Amino acid sequence: MIVRDAVVSDAADLLAIHNEAVRTTTAIWDEDEVDLADRTAWLDGRLTAGLPVLVAEVGGRVVGYASYGPWRPRSGYRHTVENALYVLASHHGRGLASLLMDALVARARRDGPHRMVAMIESGNTVSIDLHVRRGYRTVGHLPEVGRKFDRWLDLTILQLDLH
Ligand SMILES: CC(C)(COP(=O)(O)OP(=O)(O)OC[C@H]1O[C@@H](n2cnc3c(N)ncnc32)[C@H](O)[C@@H]1OP(=O)(O)O)[C@@H](O)C(=O)NCCC(=O)NCCS
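Before going into details, it helps to say that this report is about the structure given with it.

So, how was this worked out
Residues numbered from 1 in each chain as written. Predicted model: local features only at pLDDT ≥ 70, side-chain atom pairs only at ≥ 80, totals over all residues. Heavy atoms only, no water. Helix = DSSP H or I, 4+ residues; strand = E, 2+ residues; numbered from the N terminus. Expected span 1.5 Å × (residues − 1). Buried < 20%, exposed > 50% of the residue type's maximum accessible area, 1.4 Å probe, protein only. Contact = heavy atoms within 4.5 Å. Core = buried A, V, L, I, M, F, W, Y, C linked by side-chain atoms within 4.5 Å. Near = heavy atom within 4 Å. Polar contact = N/O pair within 3.5 Å; in protein donor to acceptor, adjacent residues only side chain to side chain. Areas by Shrake-Rupley, 256 points an atom, 1.4 Å probe, with all protein chains shown as cover. Nonpolar A, V, L, I, M, F, W, Y, C, P; charged D, E, K, R; others polar.

Looking at helix α1 (residues 11-24)
In step 1: When the terminal C-alpha atoms of α1 are compared, their 20 Å separation across 14 residues agrees well with the 20 Å that a helix rising 1.5 Å per residue should span.
In step 2: Of all the residues in α1, the buried ones are Ala11, Leu14, Leu15, Ile17, His18, Asn19, Glu20, Ala21 and Val22.
In step 3: Where α1 is buried, its residues touch α2 (36-48), β2 (53-58), β3 (61-70), β4 (80-87) and β6 (137-148).

Here it is in structure tokens:
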């Protein structure tokens, strides 16, 4: 297994990871799967902006990724980024997310954002615990602000102080 920077040709594997999360999890609050053009545009946009997209590759296939990008569009928020972290279900529990998150935080500390936030569905205790173990603090809880799979979703907001 290696963790490396993504290249544009990883878009197809990133598509599979994204759409699995749409279909089967409350990590992405979207019911609609996307196509390759969508993920290619997303990846190209991040890389062009100099934002990190780190991937975990196993046996020549990308099975997980971590990234960060702008949190909110207004210029006053430009020193805060929001993270994203996904691993294919077939590869859960092998330490991939932990490696990806450590690499992402190291990149953020190198590249300069001031704060990193994570917006996580409150029932996702595996992800929340993973963040807390890395120094993120829970700073907010928004009850029933989302809906998926015919139920309300709470949002937990965590923050990591980088600089
Ligand atoms: C959350 C997620 C990224 C974790 O990925 P992962 O590669 O399985 O995580 P790791 O193997 O690095 O494990 C991280 C920790 O969680 C624990 N863990 C992993 N899966 C677990 C499970 N199903 N139940 C309980 N603990 C679990 C591990 O033991 C590990 O604990 P440790 O740090 O004390 O050793 C992954 O489950 C995922 O992609 N889920 C869907 C998308 C998602 O929720 N993304 C994050 C939302 S923002």
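Read on for the rest.
Observations regarding the nonpolar core
In step 1: Grouped together as the largest cluster of nonpolar side chains are 40 residues, with contacts concentrated most on Leu14, Met116 and Tyr136.
In step 2: If you tally residues by element for this core, the top one is helix α3 (residues 96-111), at seven residues.
In step 3: If we ignore the near neighbours within four places in the chain, the residues touching Leu14 are Arg39, Trp42, Leu43, Val53, Val55, Val62 and Tyr65.

Some words on the site of the ligand
In step 1: Near the ligand you find 17 residues, and of these Leu85, Gly93, Gly95, Ser98 and Asn124 are the closest.
In step 2: In the model, a nitrogen atom of the ligand is placed 2.7 Å from a nitrogen or oxygen of the Leu85 main chain.
In step 3: Between an oxygen atom of the ligand and a main-chain N or O atom of Val87, the distance comes to 2.8 Å.
In step 4: When isolated, the ligand has an accessible area of 920 Å², and the protein chains bury 67% of it.
In step 5: Going through the elements one at a time, β4, α3 and α4 (125-133) are the ones with two or more residues in the shell around the ligand.
In step 6: In terms of residues, the shell around the ligand owes the most to one element, α4, which gives four residues.
In step 7: Residues belonging to the shell around the ligand are distributed by class as follows: nine nonpolar, six polar and two charged.

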